[in-house]
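Here are the chains, one letter per residue:
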Amino acid sequence: MAAKSKIVITGGAGYLAQRMLKALSEHYDVTLLDVREVTREGVKVPGLVLCDLGTEDREALRPIFRGAQAVIHLGIADIRGQERQARRENSPENFASVQ
């Protein structure tokens, strides 16, 4: 049996990644990354690599991604506190004069 290709999934503890994990794991060597170790239900995610991709130390991230054939980016920035402000700033009324 041939070795499975490696893929990396950011946001590995998130809803979408957890729904995709079983099917992807059947065909790929999956590396899960996230800034939190547990799902939103509080369940610890086995094998998850705890890391912050926002770090300025890119060299520290290279070993995690080395050999990956693909990256599925499901991670998001936690913007709950900024969400309302962003909606106001990006509302259609603010762009009415843009041609």
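Visitor: Would you mind showing me how to read the sheet that holds strand β1 (residues 5-10) here?
Guide: Strand-to-strand pairing in sheets goes through backbone hydrogen bonds, with the strands running parallel or antiparallel. Overall, parallel pairing links the 4 strands, which are arranged β3-β2-β1-β4 in an open sheet. Each of the sheet's edge strands pairs with one partner strand only, and the pair in question is β3 (49-50) and β4 (68-73). Relative to β4, β1 runs parallel, the two sharing 5 bridges. Residue Ile-9 lies in a different strand from β4, and its bridge partner there is Ile-72. Packed on one face of the sheet, helix α1 (residues 15-25) meets β1, β2 (28-34) and β4 and runs near 160° to β2.

Visitor: Sorry, what's going on with the environment of Ala-70 here?
Guide: On the secondary structure map, Ala-70 appears in strand β4. For Ala-70, a relative accessible area of 35% corresponds to the partly exposed category. Considered as a pair, Ala-70 and Val-30 are 40 residues apart in the sequence and their alpha carbons are 10.0 Å apart.

Visitor: Is there a simple way to explain the confidence of the model for the chain in this structure?
Guide: The predicted coordinates should not be examined in detail at positions where pLDDT is low. With 78% of its residues at a pLDDT of 70 or more, the chain has an overall mean of 85. Within the chain, no element has a lower average pLDDT than helix α3 (residues 83-89), which sits at 58, and none a higher one than β1, at 98.

Visitor: Would you take a moment to explain empty space enclosed by the protein for this structure?
Guide: Think of a ball as big as a water molecule: rolled over the atoms, this probe shows where empty space is left. Enumeration according to the criterion identifies 1 cavity of 30 Å³ or more in this entry. In this structure, the largest cavity spans a volume of roughly 40 Å³. Surrounding the largest cavity, Ala-13, Gly-14, Tyr-15, Gln-18, Arg-19, Thr-39, Arg-40 and Glu-41 form its lining. Among the residues making up the lining of the largest cavity, the classes are represented as 2 nonpolar, 3 polar and 3 charged.

Visitor: Looking at this structure, how should I read the pattern of salt bridges?
Guide: For side chains bearing opposite charge, pairing can occur when the charged atoms are close. If you walk through the whole model with that rule in mind, you get 3 salt bridges. Across the pair Arg-40 and Glu-41 runs a salt bridge whose closest N-O atoms are separated by 3.6 Å. There is no split in this pair, since Arg-40 and Glu-41 are both exposed. One salt bridge connects Arg-62 with Glu-59, and the closest N-O pair in it is separated by 2.9 Å. Owing to a relative accessible area of 45%, Arg-62 belongs among the partly exposed residues under this scheme.

The rules behind the values
Residues numbered from 1 in each chain as written. Predicted model: local features only at pLDDT ≥ 70, side-chain atom pairs only at ≥ 80, totals over all residues. Heavy atoms only, no water. Pairing = 2+ DSSP bridges. Helix = DSSP H or I, 4+ residues; strand = E, 2+ residues; numbered from the N terminus. Contact = heavy atoms within 4.5 Å. Axes fitted to C-alpha atoms, helices over the stretch in contact; angles between N-to-C directions. Buried < 20%, exposed > 50% of the residue type's maximum accessible area, 1.4 Å probe, protein only. pLDDT = per-residue confidence, 0-100. 1 Å grid on protein atoms, 1.4 Å probe; cavity = no way out; pocket = protein on both sides within 12 Å on 5 of 7 lines; lining within 4 Å. Points joined across faces, edges and corners; volume = space filled by probe spheres on them. Nonpolar A, V, L, I, M, F, W, Y, C, P; charged D, E, K, R; others polar. Salt bridge = Lys/Arg side-chain N within 4 Å of Asp/Glu carboxyl O.

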